[in-house]
Amino acid sequence: MSTGKTALVTGYTGESGKALVEELVRNNEFKKIILIGRRKVDFTEDAYKQKTEQREINFDKIDEYAEAFRGADVHFCCLGTTRGKAGAEGFRRVDYDYVVGAARLAKQEGCQHFHLVSSQGANENSYLLYPQVKGQSESALSKMGFPRLSIYRPAMLMVDRTEHRLFECIARSIIKHTVQRIAPEWITTPIEVLARAMCFNSFTTGRPSVEILDNHAIFRLAEQKPNATADGTKRADEL
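Residues numbered from 1 in each chain as written. Predicted model: local features only at pLDDT ≥ 70, side-chain atom pairs only at ≥ 80, totals over all residues. Heavy atoms only, no water.

A. Molecular detail of the nonpolar core. Of all hydrophobic cores here, the largest spans 33 residues; its most connected members are V9, L20, L24, F76 and M198. Within the residue set of this core, elements represented by two or more residues are β1 (5-10), α1 (15-26), β2 (30-37), β4 (74-77), α7 (191-201) and α8 (215-223). Element by element, the count of residues in this core is highest for α7, at eight residues. In this structure L24 touches A7, V9, F30, I33, K51, F76 and C199, once residues within four positions along its chain are discounted. Membership of the second largest hydrophobic core comes to 30 residues, among which are L8, C77, V99 and A103. (Core = buried A, V, L, I, M, F, W, Y, C linked by side-chain atoms within 4.5 Å. Buried < 20%, exposed > 50% of the residue type's maximum accessible area, 1.4 Å probe, protein only. Helix = DSSP H or I, 4+ residues; strand = E, 2+ residues; numbered from the N terminus. Contact = heavy atoms within 4.5 Å.)

What follows is the structure in C-alpha cells.
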C-alpha cells in the first residue's frame, strides 16, 4: 500500500460516490479510504477490502460521531438526494444539514482539503429550492476556513443509476444521442469524469483556498495528471 493520503468519503453509496471510490481505490497515491454512511456495503473485490474502512453513523445525530471523521487528510462529500425522492424537507435535511454537519466535523478533526459535489446553477438567492439549497451549502462551507475547499458544479450527470428515475432516464437517453455527441461539455458530465477530476484535484498545486469548478473546469481537471495545475476555476469572491 502507498504511504500517501488518507481520504474520507461521505455519500459513498450514491452514484457519484461509488464512481469516486472506484477511482480512489485504483489510485496508489491514496493509502486508505474511510467510508462514512448509514450502512455498510459488502465489497467483494480484494482491492476494496484492503484499502477501505467503513464507519456507520446516524446523520440525524451527526455531532455524536466526531470520531468517525478522524484520521483523514482529504474529505470528499457526495451527499445528496432529490425533492422527488425525499420531499422538500428531506431534501434540505440531506443537502444542507448533513453536508454542513459533515463539513463541520471534518474541519474540527483537521481535514486539510474538503471536496463538495454541488450542482450547476447553485445560487443561495434563487427562488427555486434545488439551486437555493445547493448555494446555501456552498456558502456555509466557504465560511468555515478550510485550508482548501473545492466545490464542483457538474451539469447533468450521465450515469446508469441503480435506482429508477423515469424522467432522468428519458432525458439522459435523448441527450446522450444528441447534445453529448456535438458538445459533450455543454450540459452533461459523465460520472467517471467528475470522479477523476475530484481525485486528481487532491494533488494539484497553486490553487485558491476556495475554488468553484464549473463543468468545463471539471473536464479540464479530469484530463490532468496528479500534481498538475489546471485552469478554469473561479474564486468564491469572484462569483
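Still more ground to cover, so stick around.
B. Quick look at the side chain of E109. Secondary-structure assignment places E109 in the loop between α3 (83-108) and β5 (113-117). Taking the relative accessible area as the measure of exposure, E109 reaches 18% and is therefore buried. One polar contact links E109 to R70, side chain to side chain, over a distance of 2.8 Å. The contact partners of E109, leaving out residues within four places of it in the chain, are A66, F69 and R70. (Polar contact = N/O pair within 3.5 Å; in protein donor to acceptor, adjacent residues only side chain to side chain.)

C. Structural detail: the confidence of the model for the protein. Averaged over the protein, the pLDDT score is 86; the fraction of residues at 70 or greater is 81%. Note on residues 227-239: pLDDT is under 50 here. Beyond four places in sequence and across chains, it has 30 contacts. (pLDDT = per-residue confidence, 0-100.)

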